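This is what each chain is made of:
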Amino acid sequence: MSAKNLQLDENGKLQHFLSIEGLNQQIITEILDTAESFTSVADRVIKKVPILRGKTVANLFFEPSTRTRSTFELAEQRLSADILSLNVDTSATTKGESLLDTIHNLEAMQIDMFVIRHKDSGSAHFFAQHVRPGVSVLNAGDGQHEHPTQAMLDLYTIRHHKQDFTRLKIAIVGDIMHSRVARSQIHALNLLNTAEVRVIAPKTLLPVDTESLGVQLYDDLERGLRDVDVVIMLRLQKERMSSALLPSENEYFNQFGLTQERLDRANPDAIVMHPGPANRGVEIESSVMDGNQSVILQQVGFGISVRMAVMSIIVGRTGLQVSE
Amino acid sequence: MSAKNLQLDENGKLQHFLSIEGLNQQIITEILDTAESFTSVADRVIKKVPILRGKTVANLFFEPSTRTRSTFELAEQRLSADILSLNVDTSATTKGESLLDTIHNLEAMQIDMFVIRHKDSGSAHFFAQHVRPGVSVLNAGDGQHEHPTQAMLDLYTIRHHKQDFTRLKIAIVGDIMHSRVARSQIHALNLLNTAEVRVIAPKTLLPVDTESLGVQLYDDLERGLRDVDVVIMLRLQKERMSSALLPSENEYFNQFGLTQERLDRANPDAIVMHPGPANRGVEIESSVMDGNQSVILQQVGFGISVRMAVMSIIVGRTGLQVSE
Amino acid sequence: MSAKNLQLDENGKLQHFLSIEGLNQQIITEILDTAESFTSVADRVIKKVPILRGKTVANLFFEPSTRTRSTFELAEQRLSADILSLNVDTSATTKGESLLDTIHNLEAMQIDMFVIRHKDSGSAHFFAQHVRPGVSVLNAGDGQHEHPTQAMLDLYTIRHHKQDFTRLKIAIVGDIMHSRVARSQIHALNLLNTAEVRVIAPKTLLPVDTESLGVQLYDDLERGLRDVDVVIMLRLQKERMSSALLPSENEYFNQFGLTQERLDRANPDAIVMHPGPANRGVEIESSVMDGNQSVILQQVGFGISVRMAVMSIIVGRTGLQVSE
């Protein structure tokens, strides 16, 4: 079964959320519209709806995460779910019990929805292939493959500020090669017919298949930023600094760090995004991060609305009617 | 005060759940019947009842556990309890504060129910002796002594598939000597007048008092399995493999591993159980674990219903009336 | 902006709870009165009120804590809050993200209230200075500065037993110099016009500014205890034993350990308090801790009521009307 079919049920409704690849424009738009209604929930005095009441969501983080895990847990609480959060020590799981045994044991606990982060690409698909009908899997980051809820919150942020994607020039800057975020973003931006998607990175960090993804490649930041409407910075994984792929932090900042001067090459009303946590002074200058073109903190809040939206749409599929 | 009296109040109602030893057939049956009603709760769209609403349950795990702890936490959430989960670092508790001080401090937080796992046999009884009236203690495994909710879920699984215990031949296979699960199971099966309970283990792993427990001893797996209706495999504690008590994993599997061929000595409709996590290829062949006689995953789900039942019965004792 | 103004809004209402210093008698009394109403909640069969329903509280513990964290989490659950609890590894935060970035990211998740424990004095004030309007910060202990909810539960305990502070002689015994608890207590007792506050400690542990705090200094325990109504023992931080400031545990007990014989110098109905966890046989004799003048365990339960009170008062400020 292909990834495409795996995410959608026989009626074309969302049953898992594994990757942007394999989704269509209609589903993406439904998620964004639903998230918009939840953004107003967040502004209410009481930020709670009973959509997942009596449902159990298990958060399985095989990799540590604070931001993604916290926003998922808050989204689940605001939907009134029962929550089981497990930090799974991978060394322990390899000892006695395989990943598949872990899946089946948790499933036997009548878990309705799994949120999974795992260092192996394809692990969320693997989970989805092995859970029984009616159980859903959400990918919270699988290796260097995809991080689709992050991409959705990025789309949401862009739409919030810029509306029509078909007129936008968007630049993604940084370590594209190792970024599951970038891969998901590119798929999503293409699905919404973004006018132009640019990828800006040192030559050593440009993956070979980016051109096939339908993007423009730049290895010069200043040229790449010219006239763009949105600048998406990626986090530089410091653990990769030691490899031969990257120069020193200083040198990286000199060539690819986003300064105000460089940002001025973009459109005057361009927005600056970053999935966080940012390395101030490495991929982005502090003053730009805190500047008035930055929407980085807004992204975090939108992340909760988007995750609430995805979970609600998936649950809605089962026919559960909830009035507030 | 004996363990027997400690679990029951002056009216013979359950006030703690510490060991199968000391319970009677009536209470066991009440738990199984109540669990049956909660199994249907698990199948509902909304798996939640307000029986523990406004009550606080503290999960104190002095030993790590994923399965038991997760099923307890889910049971508590589905009963709508407030939950305090503490992974107690034993080294820390020995430093400044005794176990008794820990008990009294938590009790002062108006905890209504304690779920305790501890490496010392008798620790749950110790807790129960020192909490004030109205506070209940549930044993989630104490040393090599008992693990009574595990035994109850095993009983539940057997009754679900085989009904009448008085006609059943049941074999327990593996490291009986170090197993708190086996000890609880044997007591429980005897209480329900099981026709025959067999214990199958290498001679070095048969404890001296098993005969007094009213069981048949076998040190040959194939003979022991003949005509049984239920096969309960125990987990082989790998940390004991290094001791002189056990041969190598390979050799163990050769002599005591459950293969399909060996299982064929049992009744054709015999079921296979395991408390988990199983060591595939050590105490049980993978194909048997996943085969159609295996009810191992069902046990996990029943574990939630059984734990909900025990907690509900204990709370019901206090006279709290709850309508859903 | 001074600490005083920071805690109160333009109408003099509590918007943060950072330190006893800067509060007035009216607010202290309001907290104590509100806590009294929650103490009766704790005695109910169902210990839950919906005052924080749909609000999110984040517990950020940059220092480990069991007692304070557990009582905060229970208070939040009993107020029906959504809860995000993070044990923040300080080494991790210094790596990629500053404390300020952590604040802003969490704030972007629409957190309504932060509970913060941090090893740096002034960190809670720093937080409060940087959150946006409408978001509140509660200090759960900042370095050697203050631990104001602990001081409030101490006040509550004293009032519960002794009513009128203006007639009381109260002794605080132990390592005043390093104790954020003592600092908060002294401010609070002065605010309620306590007749006499005595500080009893080895000369090496008396901070230089205690006299300016309006207390009487004693370096002799037996003289200091004479005729007091309340004895507050402090925890001896064992990690400081190795320093030159303190004699051996034995010697300390010989000079400053609270024995029954010494306690008999106080008024016959004097009560004994301790913030916990106590070192039995170091700062306090076991029999005194468990004796009938000890109210140490009561303090723990009152801690929940006091924390519920502070959170309720802060939320009430926003105009949220809740009927039960």
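Residues numbered from 1 in each chain as written. Chains lettered and ligands numbered in written order. Predicted model: local features only at pLDDT ≥ 70, side-chain atom pairs only at ≥ 80, totals over all residues. Heavy atoms only, no water.

**Details of the overall build of chain A**
Within chain A, the secondary structure is distributed over 13 helices and nine strands. Every one of the 324 residues in chain A was classed for burial, and the buried ones make up 62%. Across chain A, the fraction of contacts at a sequence separation of at least 24, relative to all contacts at a separation of at least 6, is 74%. (Helix = DSSP H or I, 4+ residues; strand = E, 2+ residues; numbered from the N terminus. Buried < 20%, exposed > 50% of the residue type's maximum accessible area, 1.4 Å probe, protein only. Contact = heavy atoms within 4.5 Å.)

**Quick notes on the relation of the copies chain A and chain C**
Superposing chain A onto chain C takes a rotation of 120 degrees plus a shift of 0.0 Å along the axis, which leaves an RMSD of 0.0 Å. Taken together, these values place the two copies in the relation of a three-fold axis. (Least-squares fit on C-alpha atoms with pLDDT ≥ 70 in both.)

**Some remarks on the pairing of strand β1 (residues 56–61) of chain C**
Residue and element names in this part refer to chain C. The buried fraction of β1 amounts to six of the six residues, a majority that puts the element mostly inside the structure. With burial as the criterion, each face of β1 is covered, one bearing Thr56, Ala58 and Leu60 and the other bearing Val57, Asn59 and Phe61. Pairing geometry for β1 and strand β2 (residues 82–87), over six bridges, is parallel. Within β2, the residue paired with Ala58 across the bridge is Leu84. In this view, the connection linking β1 to its parallel neighbour β2 by way of helix α3 (residues 67–78) has right-handed handedness. Looking at chain direction, β1 and strand β3 (residues 113–118) are connected through five bridges and run parallel. Note on β3: the bridge partner recorded for Asn59 is Val115. (Pairing = 2+ DSSP bridges. Right-handed = clockwise from strand over helix to strand, strands pointing away.)

**Examining the packing of aromatic side chains**
Applying the stated rule across the entire model yields nine aromatic pairs over all chains. It is Arg307 of chain A that lies over the ring of Phe72 of chain A; its NZ or CZ is 4.9 Å from the centre. (Phe/Tyr/Trp six-rings, centres within 6.5 Å; stacked < 30°, edge-to-face > 60°. Lys NZ or Arg CZ within 6 Å of the ring centre and 35° of its normal.)

**Quick notes on the interface of chain A and chain C**
Listed by partner, the interface residues are 23 residues for chain A and 20 residues for chain C. Considering only the surface of chain A that becomes buried against chain C, Lys47, Lys48 and Leu297 of chain A emerge as the three largest contributors, covering 24% of it. Taken together, chain A and chain C are joined by three salt bridges. In this structure, Asp82 of chain C engages Lys48 of chain A in a salt bridge whose closest nitrogen and oxygen atoms are separated by 2.5 Å. Counting across the chain A and chain C interface gives 10 residue pairs in polar contact (both at pLDDT 80 or more). For the side of chain A that touches chain C, the secondary-structure elements that each account for two or more residues are α3 (67–78) and α13 (296–316) of chain A. The leading source of residues in the side of chain A that touches chain C is α3 of chain A, at seven residues. Class assignment of the residues belonging to the side of chain A that touches chain C gives a composition of 10 nonpolar, six polar and seven charged. (Buried area = accessible area lost by both parts, 1.4 Å probe. Salt bridge = Lys/Arg side-chain N within 4 Å of Asp/Glu carboxyl O. Polar contact = N/O pair within 3.5 Å; in protein donor to acceptor, adjacent residues only side chain to side chain. Nonpolar A, V, L, I, M, F, W, Y, C, P; charged D, E, K, R; others polar.)

**Re the pattern of salt bridges**
All names here are of chain A. For the coordinates displayed, the defined rule picks out 45 salt bridges over all chains. Close ionic contact of Arg198 with Glu196 constitutes a salt bridge, the shortest N to O distance being 2.8 Å. The two residues Arg198 and Glu196 agree in class, both being buried. Salt bridges linked by common partners bring Asp33, Glu36 and Arg159 together as one network.

**Looking at the side chain of His178 of chain C**
All names here are of chain C. In this structure, His178 sits in the loop between β5 (169–173) and α8 (180–191). Residue class for His178 comes out buried when judged on its relative accessible area of 16%. Polar side-chain contacts of His178 include one of 3.0 Å to the side chain of Asp175.

**Quick notes on the packing of helix α7 (residues 148–162) of chain B against helix α13 (residues 296–316) of chain B**
For any two helices packed against each other, one specifies the crossing angle of their axes together with the interaxial distance. All names here are of chain B. Running from amino to carboxyl end, α7 crosses α13 at an angle of 115 degrees, the nearest separation of the two axes being 9 Å. If you check the angle between α7 and α13, you find them roughly perpendicular. Where α7 crosses over α13, the two elements pack in a sense that is right-handed. Along the contact surface, α7 presents Thr149, Gln150, Met152, Leu153, Asp154, Tyr156, Thr157, His160 and His161, while α13 presents Gln298, Gln299, Phe302, Gly303, Val306 and Arg307. (Axes fitted to C-alpha atoms, helices over the stretch in contact; angles between N-to-C directions. Parallel < 35°, antiparallel > 145°, perpendicular 65-115°, else oblique. Left-handed = near helix turned anticlockwise from the far one by under 90°.)

**Things to note about the domain arrangement of chain A**
Residues and elements named next belong to chain A. What the domain assignment reports for chain A is domain 1 (25–146 + 302–321) and domain 2 (148–300). The gap between the C-alpha centroids of domain 1 and domain 2 is 26 Å. Taken together, the contact pairs 27 residues of domain 1 with 27 residues of domain 2. Both sides together, the interface formed by domain 1 and domain 2 hides about 2,400 Å², and carbon and sulfur atoms give 59% of it. Between the two partners, domain 1 and domain 2, sit three salt bridges. The salt bridge involving Glu63 is made with Arg180; its shortest N-O contact spans 3.3 Å. (Domains from an automatic or database assignment.)

**Thoughts on the interface of chain A and chain B**
Every contact between the two is made by 20 residues of chain A and, on the other side, 23 residues of chain B. Counting the surface lost from both chain A and chain B, the interface buries some 1,900 Å², and carbon and sulfur atoms represent 51% of this. It is Asp82, Met109 and Gln110 of chain A that lose the most area in chain A upon contact with chain B, and together they represent 29% of the buried surface on that side. There are three salt bridges connecting chain A and chain B. Where chain A meets chain B, there are 10 residue pairs in polar contact (both at pLDDT 80 or more). The set of elements that each furnish at least two residues to the side of chain A that touches chain B consists of β2 (82–87), α4 (90–96) and α5 (99–107) of chain A. When residues in the side of chain A that touches chain B are grouped by element, the largest group, four residues, is from β2 of chain A.

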